[in-house]
Amino acid sequence: MYTIFFLIGIGLFVGVAAWFLFIWAVKSGQFDDPEAPKYRMLDDDDEPAKTAEHGKREEK
């Protein structure tokens with residue numbers, strides 16, 4: 001019988017913890033723009049490659 005109360009207590013604790021984590025994530029802006037990350041990977045990022053080549057030229 002004590003096991004059931006123990007498991008119910010653990011279940012309530014995990015549920016409340018998950019709820020607080022979700023509220024924290026929403027307030028910190030984790031779900032503000034869910035579309036941008038999938039387009040960000042398609043952007044060209046040539047500038048870091050140019051800086052790496054520029055660094056090699058300076059070493060010579």
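Residues numbered from 1 in each chain as written. Predicted model: local features only at pLDDT ≥ 70, side-chain atom pairs only at ≥ 80, totals over all residues. Heavy atoms only, no water.

Colleague: So what's going on with the overall build of the protein chain? Residues and values would help.
Modeller: Each helix and strand counted, the protein chain has 3 helices and 0 strands in total. Along its sequence from the N terminus, the protein chain presents helices and strands in the succession α-α-α. Here the protein chain, with 60 residues, has 2% of them falling under the buried criterion. With an accessible surface of roughly 6,200 Å², the protein chain has 65% of that area assigned to carbon and sulfur atoms. (Helix = DSSP H or I, 4+ residues; strand = E, 2+ residues; numbered from the N terminus. Buried < 20%, exposed > 50% of the residue type's maximum accessible area, 1.4 Å probe, protein only. Areas by Shrake-Rupley, 256 points an atom, 1.4 Å probe, with all protein chains shown as cover.)

Colleague: Before we move on, could you go through the pattern of salt bridges and cite the residues and values that matter?
Modeller: Tallied over the full model, the rule gives 1 salt bridge. As a salt-bridge pair, Lys38 and Glu35 come within 2.8 Å of each other at their nearest N and O atoms. Residue classification places Lys38 among the partly exposed positions, given a relative accessible area of 42%. On the accessibility criterion, Glu35 (40% relative accessible area) is partly exposed. (Salt bridge = Lys/Arg side-chain N within 4 Å of Asp/Glu carboxyl O.)

Colleague: Would you mind going over the packing of aromatic side chains in detail, with residue names and values included?
Modeller: A complete count under the given rule lists 2 aromatic pairs for this structure. The interplanar angle of 55 degrees and the centroid separation of 5.1 Å between the aromatic rings of Trp19 and Phe20 together place this pair among those described as tilted. With 6.0 Å between their ring centres and 40 degrees between their planes, Phe22 and Phe31 make a pair best called tilted. Owing to a relative accessible area of 47%, Phe22 belongs among the partly exposed residues under this scheme. (Phe/Tyr/Trp six-rings, centres within 6.5 Å; stacked < 30°, edge-to-face > 60°.)

Colleague: If you had to explain a nonpolar patch on the surface to someone new, which residues and values would you point to?
Modeller: A cluster of nonpolar residues, Val16, Trp19, Phe20, Phe22, Ile23, Val26 and Phe31, forms a patch on the protein surface that exposes about 700 Å² of accessible area. For Phe31, the position within the fold is in the loop between helix 1 (2-27) and helix 2 (36-40). By relative accessible area, which is 52% here, Phe31 ends up exposed. (Patch = residues over 30% accessible without salt bridge, like charges linked within 9 Å, V, L, I, M, F, W, Y side chains within 5 Å.)

Colleague: Could you give an account of the confidence of the model for the protein chain, naming the residues involved and the relevant values?
Modeller: Considering every residue of the protein chain, the mean pLDDT works out to 83; 75% of them sit at 70 or more. Mean pLDDT across the elements of the protein chain ranges from a minimum in helix 3 (residues 47-59), with 59, to a maximum in helix 1, with 97. (pLDDT = per-residue confidence, 0-100.)

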